[in-house]
Amino acid sequence: MSIRITHLKRFLPGLDDLLEDASVTELMVNGPGNVWVERAGAGLEPFPAPHLTAGVLQRAAIQIARPLGLDPESKPTLDARLDDGSRVAICVPPASPQVAITIRRFGKRGFTPEDLVAAGSLPQAVLDAARTTLAERRNILVAGGTGSGKTTMLNALISLLPPAERIVSIEDTLELRIHQPNTVRFEARELGKSATTVRDLVKHSLRHRPDHIVVGEIRGAEAADLLQALNTGHGGSLTTIHANNATSALDRLASCAMQARDLPWDAICRNIVNGISLVLHMSRIEGRRAVEEARYLTGWESDGNTWLTSPAYLRAAPEAQPVPAP
């Protein structure tokens, strides 16, 4: 479900320049005249928007939804995609007191690992650890909060995979910029009679002979199916998850896998140890997105319900050479 940015500009008066500005990464309309913008991930700032009245926003929601065959009156929460891959989320009354529109923009080019190293987002020690992990056909989990740079990091790590090997990527919304030629991409459709979930696509991906599986974000029971795939010959795979730190990312991955109700907690945790080798945690550090810690996963202690990890990189510690995987 995609719409053109020119279609948005027609119904959001006063925001034309923001919608054309390549430095804008997030545009948030909280209600009439209440607009906030983020440029280049540098933090939010207010933007004057006197022409965005309640009536204008209500009409905008309807006009944005209509080309997609959607109706805000019957479904007050809507998700769409711009033709450049950016996302649009809309919430209207009664689900929200005012019409809320959030637009997450994606740049026209992805950042290479070297770009991220130069920008200070990816320490060289972490890049070296990630490169070695993928070359040894072991798997990486990228964690972090909303807007912490997980997708940007995932894009960069994908570029480390061998170009001739087959990648199958699975996303809720096509956001990744994958340039390897031997790639097939799947997108979930979770509405209507033909709904296809991320979990459906993870299962289906195995029939397309992937060398590497990339899941844009783990949110639910698809974690169980991905772990099965990672433990049956699809090394050098990647995914992301929302979490506050590296070890809580492992807890959340296990909790998501539990939703499948296939295995007990201990068995799932052992599968995670066998399936995930390196966890990178992203956060906003002094106004920029960067890796805060990287940890190798070495084991699971059932008695203490504890993950056993060793640091590959800690932001608080002086940067050193990459630590070899245990």
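Note that the structure is a prediction, hence the values are computed from the model and not measured. (Residues numbered from 1 in each chain as written. Predicted model: local features only at pLDDT ≥ 70, side-chain atom pairs only at ≥ 80, totals over all residues. Heavy atoms only, no water.)

## Overview of the side chain of Glu-38
Along the polypeptide, Glu-38 turns up in strand S3 (residues 34-39). Here Glu-38 falls in the buried class, since its relative accessible area comes to 3%. There is a polar contact of 2.7 Å between the side chain of Glu-38 and the side chain of Arg-284. If near-sequence neighbours (up to four positions away) are discounted, Glu-38 is found in contact with Ser-23, Val-24, Thr-25, Glu-26, Gly-43, Leu-44, Arg-284 and Arg-289. (Helix = DSSP H or I, 4+ residues; strand = E, 2+ residues; numbered from the N terminus. Buried < 20%, exposed > 50% of the residue type's maximum accessible area, 1.4 Å probe, protein only. Polar contact = N/O pair within 3.5 Å; in protein donor to acceptor, adjacent residues only side chain to side chain. Contact = heavy atoms within 4.5 Å.)

## So, the pairing of strand S6 (residues 87-91)
In S6, alternate side chains face the same way, and those of Val-88 and Ile-90 are buried while those of Arg-87, Ala-89 and Cys-91 on the opposite face are not. In sequence, strand S5 (residues 77-82) turns back onto S6 through a hairpin of four residues, with Gly-85 there showing a positive phi of about 95 degrees. Bridge analysis of S6 against strand S7 (residues 100-104) gives five bridges, and the strand direction is antiparallel. The residue bridging Ile-90 from the neighbouring strand is Ile-101, located in S7. (Pairing = 2+ DSSP bridges.)

## Quick notes on the environment of Glu-292
Here Glu-292 lies in strand S14 (residues 288-301). Given the relative accessible area of 27%, Glu-292 is considered partly exposed. Filtering out sequence-adjacent residues up to four positions away, Glu-292 remains in contact with His-281, Ser-283, Ile-285, Tyr-313, Leu-314 and Arg-315. Polar contacts involving the side chain of Glu-292 include one to the side chain of Ser-283, which spans 3.2 Å.

## Details of the sheet that holds strand S12 (residues 238-242)
Read across the sheet, eight strands follow the order S10-S9-S11-S12-S8-S13-S14-S15 without closing on themselves; strand pairing throughout is mixed. Only two strands of the sheet have a single partner each, and these edge strands are strand S10 (183-187) and strand S15 (306-314). Each adjacent strand pair in this sheet contributes to an overall mean axis angle of 25 degrees, direction not counted. Where strand S11 (residues 212-215) lies against S12, two bridges are found, and the strand directions are parallel. In the strand pairing of S12, Val-215 is matched with Thr-239. The sheet contacts of helix H9 (residues 246-258) involve strand S8 (140-144), S12, strand S13 (278-285), S14 and S15, and relative to S15 the element is tilted by about 135 degrees. (Axes fitted to C-alpha atoms, helices over the stretch in contact; angles between N-to-C directions.)

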